[in-house]
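# Structural overview
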Amino acid sequence: MTNPKDFLKTIEEKGLFDRKKIQLNQKLSDPEQVDFLLEAVDTTLKDRVALLKKMPQHIVNYGSHKGMTGQWLDTHKDYQEYVTPDFDLIEGTPESVDLFYSCLNFHKSNHLASTLEQIKQALNPGGVFIGALFGEYTLQELKDCFIKAEADTGAKPHVHPFRGLDDVVSLLRQTGFDMPVVDRDQIIVQYEGLPDLFTDLKCLGETNALKAQSKGLTPLSLFAKVEEIYKKEYAHPDGTFPVTFDVIYITAWKV
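Residues numbered from 1 in each chain as written. Predicted model: local features only at pLDDT ≥ 70, side-chain atom pairs only at ≥ 80, totals over all residues. Heavy atoms only, no water.

## Details of helix α3 (residues 35-50)
Condition: In DSSP terms, a helix is any run of H or I states spanning at least four residues, a strand is any run of E spanning at least two, and both are numbered starting from the N terminus. In a helix, the anticipated span is given by 1.5 Å times the number of residues less one. Summary of the burial criterion: residues with accessible area below 20% of their type's maximum are buried, those above 50% are exposed, and those between are partly exposed, where the area comes from a 1.4 Å probe applied to protein chains only. By construction, the arc corresponds to the directions joining the helix axis to the C-beta atoms. Residues are treated as being in contact if the distance between any of their heavy atoms lies within 4.5 Å.
A rise of 1.5 Å per residue sets the reference length of α3, with its 16 residues, at 22 Å; its end C-alpha atoms lie 21 Å apart and thus fit the reference within 8%. Three or more residues of α3 are buried, namely Leu37, Leu38, Val41, Asp42, Leu45 and Val49. Here the buried residues of α3 occupy an arc of 115° about the axis, which is enough to place them on one side. Looking at the packing, one finds that the buried side of α3 touches β3 (97-103), β4 (123-134), β5 (178-191), α7 (194-204) and β6 (241-253).

Listed below in C-alpha cells is the structure:
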C-alpha cells in the first residue's frame, strides 16, 4: 500500500493544483453568499438520495461548504461531516460508510482516479457514492474571453480546467464502481460585471489555485479588456452577461 506521505509528495510535484491554496480558498470562502448555486445542486443530490430503496445508516458528508450542503443528512445517528477536507487524501476508515456524499468538491482533486479509489475503499460493500462536481463547460465564457484578451501576449492559466462527463464515466469504470450513473445539468447565472462574478467565485472557494498561475498581481487593464470582450460577445440587451456552471452528477455503487 502506498505511504500517504509519499503519495501526497507525488501530488505536490505533479498535480495541477496547489493543495495549500485549495485549503486556503476553502477557509476564506463565504458559502452563504452563493447559496443560490449550492442549494440548487444540493437539492438535486437530495432527490437522488431519496431514490435509494433503503436509507443508508453510516453516512459521510465530505466537504460541506461550512455546513451549507448536506445538512439534511444530519438526522442520522451515524453521520460524519468534513468541513474543509483534503480532496487528494480521503480521511476515514476503510469499509465503514454506506453513503459517501459530496457536493461540488472533487473537481479540485489533483488525481481523481486515486480519489475515487479511496472513496470506494471507504464504502461498505453495497455502499453508494452520490456527488457532484463542476464539469468542462464551467466558466467557459470567462476562459474564452481571457484567451482572446491575451491573444497578442500569450494566454496564461486564469481558469481551472474541468473534467468532461466522458472522462468521469471512464474513471468510475476504471476504478471498479458498479452501475455508475453520470449526467449533467447547466446552471446559467446572469451577472452585471466581472467584480460580481469574481466575488462569487471567492465565496465558493473557487479562485485560481493552479500551480501554473502567473506570479504577482494580474494587471487591472487585463480585467478591463476581458470584461469588454465578455460584454461585446456575450452580453444581453440589458447589459448582463451569462456565466455557465456545468454540473456533473454521480451515483455509483460498490459491489
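There is more to say after this.
## Description of the packing of helix α5 (residues 140-149) against helix α8 (residues 220-234)
Stated precisely, the cut-off is as follows: Here an axis means a line fitted to C-alpha atoms, over the contact stretch when the element is a helix, while the angle between two N-to-C directions is reported on a 0 to 180 degree scale. Our angle categories are set so that under 35 degrees counts as roughly parallel, over 145 as roughly antiparallel, 65 to 115 as roughly perpendicular, and the remainder as oblique. Should the near helix be turned anticlockwise from the far one by less than a right angle, the crossing is termed left-handed; should it be turned clockwise, right-handed. Classification used: nonpolar for Ala, Val, Leu, Ile, Met, Phe, Trp, Tyr, Cys and Pro, charged for Asp, Glu, Lys and Arg, polar for all others including Gly.
Where α5 contacts α8, the two axes come as close as 9 Å, and the packing angle between them is 120°. Regarding the angle of α5 to α8, the classification is oblique. In this structure, α5 meets α8 at a crossing whose hand is right-handed. Of the residues in α8, those in contact with Glu141, Leu142, Asp144, Cys145, Phe146, Lys148 and Ala149 of α5 are Leu222, Phe223, Lys225, Val226, Ile229, Tyr230, Glu233 and Tyr234. By residue class, the composition of the contact of α5 with α8 is ten nonpolar, no polar and five charged.

## Here's the deal with the sheet that holds strand β2 (residues 78-82)
The test is simple: Paired strands are those between which DSSP finds at least two bridges.
With respect to topology, six strands assemble into an open sheet ordered β2-β1-β3-β4-β6-β5, the strand pairing being mixed. Across the chains shown, the open sheet's two edge strands, defined by having one partner strand only, are β2 and β5. Taking the axes of each pair of neighbouring strands and ignoring which way they run, one obtains an average angle of 10° across the sheet. In this sheet, β6 lies alongside β5 in antiparallel orientation, the contact comprising twelve bridges. Bridging from a neighbouring strand, isoleucine 187 pairs with phenylalanine 245 of β6.

Functional significance is not addressed by these values, which are geometric in nature.
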